[in-house]
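# Structural description and commentary
Here is how the chains run, residue by residue.
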Amino acid sequence: MSSPRVEVIDRLCKGCSICVEFCPTRVFEMDGFIAKVVKEDACIKCMQCELRCPDFAVKVHTE
Amino acid sequence: MAYDYEKSIRPGKLPHIWCPGCGHGIVMKGLIRAMDTCGLDKNNTAIVSGIGCASRLPGYMDCCTLHTAHGRAAAFAAGVKMAKPEMNVLIVGGDGDGVAIGGNHFIHACRRNMDMTYVVLNNNIYGMTGGQFSPTTPTGANASTTPYGNPDPTFDISKLAIGAGATFVARTTAFHATQIDKLIAEGIKHKGMSVIEVLDDCPTCFGRRNKFRSVVDMMKRLKEVAVPVQAAAKMPAEKLEGKILTGVLFKEERPEYCAEYAKIIEKAKGANA
Ligand SMILES: Cc1ncc(C[n+]2csc(CCOP(=O)(O)OP(=O)(O)O)c2C)c(N)n1
Ligand code: SF4
Ligand code: SF4
Ligand code: SF4
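So, here is what we can say about the structure in this document. (Residues numbered from 1 in each chain as written. Chains lettered and ligands numbered in written order. Predicted model: local features only at pLDDT ≥ 70, side-chain atom pairs only at ≥ 80, totals over all residues. Heavy atoms only, no water.)

## Structural notes on the packing of helix H4 (residues 103-112) of chain B against helix H5 (residues 157-164) of chain B
Residues and elements named next belong to chain B. It is at 7 Å that the axes of H4 and H5 come closest, and there the two elements cross at 50°. By the criterion of interaxial angle, the relationship of H4 to H5 is oblique. Considering how the two elements wind past one another, H4 and H5 form a crossing that is right-handed. Taking contact as the criterion, the partners of Phe106, Ile107, Cys110 and Arg111 in H4 are, on H5, Ile157, Leu160, Ala161 and Ala164. Here the contact of H4 with H5 is built from residues that sort into seven nonpolar, no polar and one charged. (Axes fitted to C-alpha atoms, helices over the stretch in contact; angles between N-to-C directions. Helix = DSSP H or I, 4+ residues; strand = E, 2+ residues; numbered from the N terminus. Parallel < 35°, antiparallel > 145°, perpendicular 65-115°, else oblique. Left-handed = near helix turned anticlockwise from the far one by under 90°. Contact = heavy atoms within 4.5 Å. Nonpolar A, V, L, I, M, F, W, Y, C, P; charged D, E, K, R; others polar.)

Right, dumping it as C-alpha cells:
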C-alpha cells in the first residue's frame, strides 16, 4: 500500500494551526504563518486534517 | 483520495474571505459532502442566505444561489420553494441573521413545515459587523456592545426550532466535522422543515474578547462542551451542567406545506370547474 501524500496548499493556508494541533501523529508544524508537512510518513490517513481545515488548504492523497 | 470540494465551488473563489480559524469553512465543507451524499443536482438546488459572514457561504457554491436581505433568508427561500416545489432548497446563515433580525421568519418557516433545510452557523456573535451580542451570546460573555458582560438570557436555537414546529432538528459543532455532513444529509432527506444548528467559532469577534487564546482553544471548547443525546440520557444532571446536546434532537412526520398547498390548488380548480 502506497503511503499517503499530505499536501498543504500554501496559497490557501491562513495559519490557524487546527491541522497542527489535532493531527494525532503530529504530521504538521507551523512554519511562520503557514502550516508545513514535516512527518508525512507518520500519517495514518485518519483524514481529520482534511476534514477540519477551514480553508480547503489540506489534501490527503491516499492513492 | 483527497475529497474533491473544488467541483462544488465556483472557479477562482478561493481563498474565501473568512478569518483564520473561522469555522464557517468547516461547515461549508460539511454542506458540500452532504449535498454529494444526497446526490443533489446543482441545477436543481438553491442555497439561500441573508447577510453576515456565514451568509457569504452561497457565494462560493456552484449551484443556484440567492444572497438576500439581512434576516430574510427563510422568507426568500419559502418563495423559491413555493414557486418551484421540486427544487431542493437549503438555507444558511448565522445566529444573528437567523434568530435576531430574522427570528420572526425563522419561527414561521418552522411552523409551516416546508420541505427545506436550514443550516444555522451559530458562533454566538455578530461577526461581520464587529462583535455585537446576538441572542445566543452566553449570559455574562463579552461583546462589543456588552463590555461589562452580557446580561441577557439566551436562545437555544434547536429548542426554538422544535417549539416553533420544525420536524427535523439536529445539532453538532464545527469540531465534529463528520457529524456535520451526516446531519445535514439527514435533514435534506427529511420531508419537511429541517434545522441543523452547528455550533461554530468566531475567533476574531468572540474569541479574543472572551479569553480564548487561540483558534485551537475555541475548537477544544466545542469538543468538550458537546455531549451526544444518547450518552446524555444515561448521565446524571450534574454532569450535564454547561454541556450542549448534539445529534438528532427531534424528528416527526407531519404534512409538508407545498404538498398541502397543491391539494388546495386542486380543490380550488374543482370548485371553479
Ligand atoms: C437591515 C440590516 N440591519 C443590520 C445590518 C448589519 N449587519 C450585517 S451582518 C450583521 C450580523 C451578522 O451576524 P450573524 O448572522 O451572526 O453572522 P456572522 O457574521 O457572525 O457569521 C448585521 C447586524 C444589515 N446588513 N442590514
Ligand atoms: S490524515 Fe490524520 S494522520 Fe494524516 S496528516 Fe491528516 S490528521 Fe494527521
Ligand atoms: S488547518 Fe488549514 S488553514 Fe489552518 S493551518 Fe492547517 S492548512 Fe493552514
Ligand atoms: S469575523 Fe468571525 S464570523 Fe466573520 S469571518 Fe471572521 S471569524 Fe468568521
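Back to the text.
## A few points about the side chain of Asn150 of chain B
Residue and element names in this part refer to chain B. Within the fold, Asn150 resides in the loop between strand E4 (116-122) and H5. Overall, the relative accessible area of 2% leaves Asn150 in the buried class. In this structure the side chain of Asn150 is engaged in a polar contact, spanning 2.9 Å, whose partner is the backbone oxygen of Thr137. Of note is the side chain of Asn150, whose polar atom sits 3.0 Å from the backbone nitrogen of Asp152. Look past the residues within four positions of Asn150 in its chain and what remains in contact with it is Phe133, Thr137, Pro138, Thr139, Gly140 and Ala141. (Buried < 20%, exposed > 50% of the residue type's maximum accessible area, 1.4 Å probe, protein only. Polar contact = N/O pair within 3.5 Å; in protein donor to acceptor, adjacent residues only side chain to side chain.)

## Here we look at the site of ligand 1
Residue and element names in this part refer to chain B. Neighbouring ligand 1 are 17 residues; Cys53, Ala54, Gly96, Asp97 and Gly127 lie closest to it. His24 places a side-chain nitrogen or oxygen 2.9 Å from an oxygen atom of ligand 1. Note that an oxygen atom of ligand 1 is positioned 2.9 Å from one of the backbone N or O atoms of Met128. Considered on its own, ligand 1 offers 590 Å² of accessible surface; in the complex 74% of this is hidden by protein. Element by element, the count of residues in the shell around ligand 1 is highest for helix H3 (residues 95-100), at three residues. For the shell around ligand 1, a count of residues per class yields seven nonpolar, eight polar and two charged. (Near = heavy atom within 4 Å. Areas by Shrake-Rupley, 256 points an atom, 1.4 Å probe, with all protein chains shown as cover.)

## Regarding the state of the cysteines
Linking two cysteines covalently via their sulfur atoms produces the bond known as a disulfide. Residue and element names in this part refer to chain B. What the rule picks out here adds up to zero disulfides over all chains. Here Cys205 stays free of any disulfide, with the sulfur of Cys202 as its closest cysteine sulfur at 4.3 Å. Of the residues examined, Cys205 reaches a relative accessible area of 6% and is grouped as buried. (Disulfide = S-S within 2.5 Å.)

## What to know about helix H10 (residues 257-272) of chain B
In an α-helix there are 3.6 residues to a turn, and that puts residues three or four apart on one side. Relative to the 22 Å expected for 16 residues at 1.5 Å per residue, H10 of chain B spans 23 Å between its end C-alpha atoms, a close match to the ideal helical length. Of all 16 residues in H10 of chain B, one are buried; the element is thus mostly exposed. (Expected span 1.5 Å × (residues − 1).)

## Some remarks on the packing of aromatic side chains
The description of an aromatic ring pair rests on the distance of the ring centres and on the angle between the ring planes. Going through the model one piece at a time under the given rule, you end up with seven aromatic pairs over all chains. A centroid spacing of 5.6 Å and a plane angle of 85° characterise the contact between Phe56 of chain A and Tyr5 of chain B, whose relative ring orientation is edge-to-face. Linking Phe56 of chain A in the loop between helix H2 (48-52) and strand E4 (58-61) with Tyr5 of chain B in the segment before helix H1 (24-37), this pair reaches from one chain into another. The pair formed by Phe56 of chain A and Tyr5 of chain B is uniform in burial state, with each residue classed as buried. (Phe/Tyr/Trp six-rings, centres within 6.5 Å; stacked < 30°, edge-to-face > 60°.)

## Points about H5 of chain B
All names here are of chain B. Listed in full, the buried residues belonging to H5 are Ile157, Ser158, Leu160, Ala161 and Ala164. Burial along H5 is one-sided: seen end-on, the buried residues are contained in an arc of 160°. Looking at H5, the residues exposed on the side facing more than 90 degrees away from the buried face are Lys159 and Gly163. The secondary structure elements touched by the buried residues of H5 are H3, H4, E4, strand E5 (168-173), strand E6 (194-199) and strand E8 (244-251). Capping of H5 at its N-terminal end is provided by Asp156; its side-chain oxygen lies 3.1 Å from the backbone amide nitrogen of Ser158. Once H5 finishes, Gly165 follows within two positions and takes phi at roughly 115°, a positive value. (Arc of directions from axis to C-beta.)

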